[in-house]
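Summary of the model geometry
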Amino acid sequence: MREVNVSEVTEAVKKLCMDANYYLPEDVYNALQEAVQKERSPVGRFVLEQILRNADIAREEQVPICQDCGLAVIFMEIGQDVKFVGGDLKEAIYEGVRQGYKEGYLRKSTCHPFTRANVGDNTPPVVHYDIVPGDKVRIVLAPKGGGSENMSRVMMLKPADGLEGVKDYVVQRCSECGGNPCPPVIVGVGVGGTFERSAFLAKKALLRPLGRPNPDLELAAAEQEMLERINKLGMGPMGWGGTVYALAVHFEMEPCHIASLPCAVNINCHAARHKEVTI
Amino acid sequence: MAEDYIRLTTPLSDEDVERLKIGDRVLLNGVIYTGRDAAHKRMVEALDKGEDLPFDVRGQVIYFVGPTPAKPGKPIGSAGPTTSYRMDPYSPKLIALGLKGMIGKGGRSQEVIDACVKYKCVYFGAIGGAGALLAKQIKKAEVIAYEDLGPEAVRRLEVEDFPVIVVNDVYGNDLEKEGRNQYEVKE
């Protein structure tokens, strides 16, 4: 067993909160640059250029890309040969979020669902734990903004709807979103498992590097078709008209129940922030 | 800045908003106020109880934003727009009282669009997710009400050449609809 002190996890999470909010991933930046070339609307091109400038400012000045610094969504891949010492792992993760959001001048966005009173330290984060072979701990942190999360849906399709039904549902969902989720967006599609598993797959799909299609050729073709259909809707950057509404569609799939066809659509704004570290 | 901008200074008059059409790029100057979900709820509750609002909305512009905390030496943190439809249940009441502008992102309800026509108010869009860039046009910020709401408190901002685009004008036009019609590729 390899011992990992939970204080290392706190430090790592704290840094990830700040870095993820200040530095737009390179693949997203590159995709936005390509979008400037593809966009036909002058207003759309202006929006994309401003988004790129914004990312430059955030990086240079180490300020948040977006004022919505999100709920911290954390994927913990824990090697089965790791033994955590020095305290409670969950509390260590929470403490990292607390410190990162405070010291990084990040906005705290968690609140009571009904009174709407702000929790004040951006806890709790949403933590997904996975046990994997090995003796390492991989932490991926993705701040998720409310605007695009609000536009996400899970639909329990009928098996008879098939792949065509999935594609139609995803395109329809985007069509209904308009400018709300801060387009150009990344569309995560999760099909399979149960109700909550499909949503998890859709979220995971958002973390895949842009420009890397699903290795399954049929799914890769579906991604491409959905992307083209979404962009043909004409909604464009910020929904003000144009030819680039989505930068990518990422489709993840797993087996499901013989009675079901769960289909989740998780939408990410252009500030598709995520950072990772391995301890 | 490009030359095709219209410069406006708050407070705005009926004449100011009447000359604006969807797609116009505007640079706002002067004082604007912030308010998002929780602040709107409180303001409308105050009105229902016959109480005063934290500021006189006549001629003013409300920016739907919840900024990040200011780093030392800066007036404000990142400060881009939040999604506007969540303010749709509240906006018509403020528009009827003489509010002249709102800044946010995303579309508005028919009720808001109708109120904009009836009472002459404009809905501006700012670029969502460009909070670091937009913050540079905010020169001063102070909390004037509902401090307990944290990022959602009502702030008085002084802005210089704050860039927005007209999404809904006083003539009932809608940039989201028009823009989409222009670029939609029909099969």
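The residue numbering used here restarts from 1 in each chain and proceeds along that chain's sequence as written. Written order determines the labels here, with chains lettered from A and ligands numbered from 1. Reporting in this predicted model follows two pLDDT cut-offs: at least 70 for local features of residues, and 80 or more for side-chain atom pairs to be given and counted; totals over whole chains, interfaces and linings ignore these cut-offs and use all residues. Computation of side-chain values: all heavy atoms of the structure, hydrogens and water removed.

Working definition: helices are DSSP H or I runs of at least four residues, strands are E runs of at least two. Numbering for both runs from the N terminus. The helix and strand inventory of chain B stands at six helices and seven strands. Along chain B, helices (α) and strands (β) appear in the sequence β-α-β-α-β-α-β-α-β-α-β-β-α when read from the amino end. With the C-alpha coordinates aligned to their principal axes, the bounding extent of chain B is approximately 50 × 40 × 35 Å. Excluding contacts between residues fewer than 6 apart, the proportion of contacts in chain B whose partners are at least 24 apart in sequence is 63%. We call two residues in contact whenever any of their non-hydrogen atoms come within 4.5 Å of each other.

Residues and elements named next belong to chain A. The mixed open sheet is built from four strands, whose spatial order is E6-E9-E7-E8. Edge positions in the sheet fall to strand E6 (153–157) and strand E8 (246–256), since each has one partner strand and no second. Neighbouring strand axes in the sheet, compared pairwise and without regard to direction, differ in orientation by 15 degrees on average. The pairing criterion for strands is at least two bridges between them, as found by DSSP. Both strand E7 (residues 185–193) and E8 contribute to a ladder of eight bridges, which runs parallel. Orientation is described by axes fitted as lines to C-alpha atoms, over the contacting stretch for helices, and by angles from 0 to 180 degrees between their N-to-C directions.

Here the focus is the sheet that holds strand E10 (residues 275–278) of chain A. Residue and element names in this part refer to chain A. The strand order across the open sheet formed by four strands is E4-E2-E5-E10, and the pairing between neighbours is mixed. Looking at which strands have only one partner, the edges of the open sheet turn out to be strand E4 (126–132) and E10. Each neighbouring strand pair of the sheet contributes to a mean axis angle of 15 degrees, computed without reference to strand direction. Here strand E5 (residues 137–144) pairs with E10 via four bridges, running antiparallel. Across the sheet, the residue bridging to Ile-139 is Val-277, located in E10. Contacts from helix H1 (residues 6–22) reach strand E2 (71–79), E5 and E10, with the element oriented near 40 degrees to E5. Here helix H7 (residues 195–205) sits on the sheet and contacts E2, E4 and E5; the angle it forms with E2, its principal contact strand, is near 95 degrees.

Below, the discussion takes up helix H3 (residues 42–61) of chain A. By this rule, a helix spans an expected 1.5 Å times one less than how many residues it contains. Under the 1.5 Å per step criterion, the end-to-end length of H3(A) is 28 Å for 20 residues, consistent within 8% with the ideal 28 Å. The buried label applies to any residue whose accessible area, calculated with a 1.4 Å probe on protein chains only, is under 20% of its type's maximum; exposed applies above 50%, and partly exposed to all values in between. Every buried residue of H3(A) is listed here: Gly44(A), Phe46(A), Val47(A), Leu48(A), Gln50(A), Ile51(A), Leu52(A), Asn54(A), Ala55(A), Asp56(A), Ile57(A) and Ala58(A). Looking at the packing, one finds that the buried side of H3(A) touches H1 and helix H2 (26–38) of chain A together with strand E1 (5–9), strand E2 (25–34) and helix H5 (131–135) of chain B. Gln62(A) sits one or two positions beyond H3(A) and adopts a positive phi of about 50 degrees.

A few words on the environment of Val159(B). All names here are of chain B. With respect to the element layout, Val-159 can be found in strand E7 (residues 154–168). Placed 23 residues apart in sequence, Val-159 and Lys-136 show a C-alpha to C-alpha distance of 8.9 Å. Excluding residues within four positions of it along the chain, Val-159 makes contact with Leu-28, Asn-29, Gly-30, Ile-32, Gln-137 and Ile-138.

Right, let's talk about the packing of helix H6 (residues 162–177) of chain A against helix H8 (residues 217–231) of chain A for a bit. Residue and element names in this part refer to chain A. Taken N-terminus to C-terminus, the directions of H6 and H8 make an angle of 30 degrees; their axes are 10 Å apart at the nearest point. Seen along the crossing, H6 lies across H8 with a hand that is right-handed. Counting all contacts with H6, which are made through Leu-163, Lys-167, Asp-168, Val-170, Val-171 and Cys-174, the residues of H8 involved are Glu-218, Ala-222, Glu-225, Met-226, Arg-229 and Ile-230. All residues other than Ala, Val, Leu, Ile, Met, Phe, Trp, Tyr, Cys, Pro, Asp, Glu, Lys and Arg, Gly among them, are scored as polar; the first ten of these are nonpolar and the last four charged. Grouping the amino acids of the contact of H6 with H8 by side-chain chemistry returns seven nonpolar, no polar and five charged. The hand of a helix crossing depends on one turn: near helix anticlockwise from the far one by less than a right angle means left-handed, and clockwise means right-handed.

With that settled, the discussion passes to the side chain of Arg36(B). Examined against the element boundaries, Arg36(B) turns out to sit in the loop between E2 and helix H2 (37–48). Among the polar contacts listed, one links the side chain of Arg36(B) to the side chain of Glu152(B), at a separation of 3.5 Å. Setting aside its immediate chain neighbours within four residues, Arg36(B) contacts Arg107(A), Val65(B), Gly66(B), Thr82(B), Arg86(B), Met87(B) and Glu152(B). Think of a polar contact as two N or O atoms within 3.5 Å of one another; within protein, one of them needs to be a possible hydrogen donor and the other a possible acceptor, and neighboring residues in sequence only count if both atoms come from side chains.

Another point: the interface of chain A and chain B. At the interface, 45 residues of chain A touch 42 residues of chain B. A simple way to read buried area is as the amount of 1.4 Å-probe accessible surface that goes missing from two parts once joined, with both sides added. In total, chain A and chain B occlude about 3700 Å² of area from one another, counting both sides; carbon and sulfur atoms represent 57% of this. When the buried area of chain A at its contact with chain B is split by residue, Gln67(A), Tyr105(A) and Trp240(A) rank highest and sum to 22% of it. Every case where a carboxyl oxygen of Asp or Glu lies within 4 Å of a side-chain nitrogen of Lys or Arg is listed as a salt bridge. At the junction of chain A with chain B, the criterion picks out two salt bridges. Between Lys136(B) and Glu61(A) there is a salt bridge whose closest N-O contact spans 2.6 Å.

What follows is about the state of the cysteines. Residue and element names in this part refer to chain A. Note on terminology: pairs of cysteine sulfur atoms within 2.5 Å are recorded as disulfides. Per the counting criterion, the structure on display carries zero disulfides over all chains. Cysteine Cys-182 shares no disulfide, and the gap to the nearest cysteine sulfur, in Cys-269, comes to 6.0 Å. By relative accessible area, which is 7% here, Cys-182 ends up buried. Between Cys-256, a free cysteine, and Cys-263, which holds the nearest cysteine sulfur, the sulfur-to-sulfur gap is 11 Å. Note on Cys-256: relative accessible area 34%, which makes it partly exposed.

A pair of Phe, Tyr and Trp rings is counted when the ring centres sit within 6.5 Å of each other, with Trp represented by its six-membered ring. The angle between the planes then sorts it: under 30 degrees is stacked, over 60 is edge-to-face, the rest tilted. Scanning all chains against the criterion turns up four aromatic pairs over all chains. As a reminder, the over-ring test applies to NZ of lysine and CZ of arginine, requiring each to be within 6 Å of the ring centre and within 35 degrees of the ring normal. Note that Arg59(A) overlies the ring of Tyr29(A), its terminal NZ or CZ placed 5.8 Å from the centroid.

The next point concerns the domain arrangement of chain A. All names here are of chain A. Domain boundaries assigned for chain A yield domain 1 (2–20 + 65–144) and domain 2 (147–271). Where each domain begins and ends is defined by an automated method or by a domain database. Each of domain 1 and domain 2 was reduced to a C-alpha centroid, and the two centroids are 26 Å apart. Across the boundary between the two partners, domain 1 contributes eight residues, which contact twelve residues of domain 2. Approximately 710 Å² of surface area, both sides summed, lies buried where domain 1 meets domain 2, with 70% of it carried by carbon and sulfur atoms. The largest share of the area that domain 1 buries against domain 2 comes from Phe-75, His-128 and Lys-144, three residues that together contribute 65% of it.

Taken as a class, soluble globular proteins show a tendency for nonpolar side chains to be buried jointly. Here, nonpolar core means buried Ala, Val, Leu, Ile, Met, Phe, Trp, Tyr and Cys residues that are tied together by side-chain atoms lying within 4.5 Å of each other. Formed by 88 residues in total, the largest nonpolar core has its most connected members in Val26(B), Leu28(B), Met102(B), Ile103(B), Phe124(B) and Phe162(B). Sequence-distant contacts of Met102(B), defined by excluding residues within four places in its chain, comprise Val61(B), Ile62(B), Phe64(B), Ser91(B), Ile95(B), Arg108(B), Val112(B), Cys116(B), Cys121(B), Val122(B), Tyr123(B) and Phe124(B). Val6(A), Val13(A), Leu89(A) and Ala92(A) belong to the second largest nonpolar core, which has 28 residues in total.

Quick look at the pairing of E2(B) now. All names here are of chain B. In terms of burial, E2 is largely enclosed, as nine of its ten residues are buried. Relative to E2, E1 is paired through five bridges, and the arrangement is parallel. Residue pairing in the sheet places Leu-8 in a bridge with Leu-28 of E2. Looking at chain direction, E2 and E7 are connected through eight bridges and run antiparallel. Across the sheet, residue Val-26 finds its bridge partner in E7, namely Val-164.

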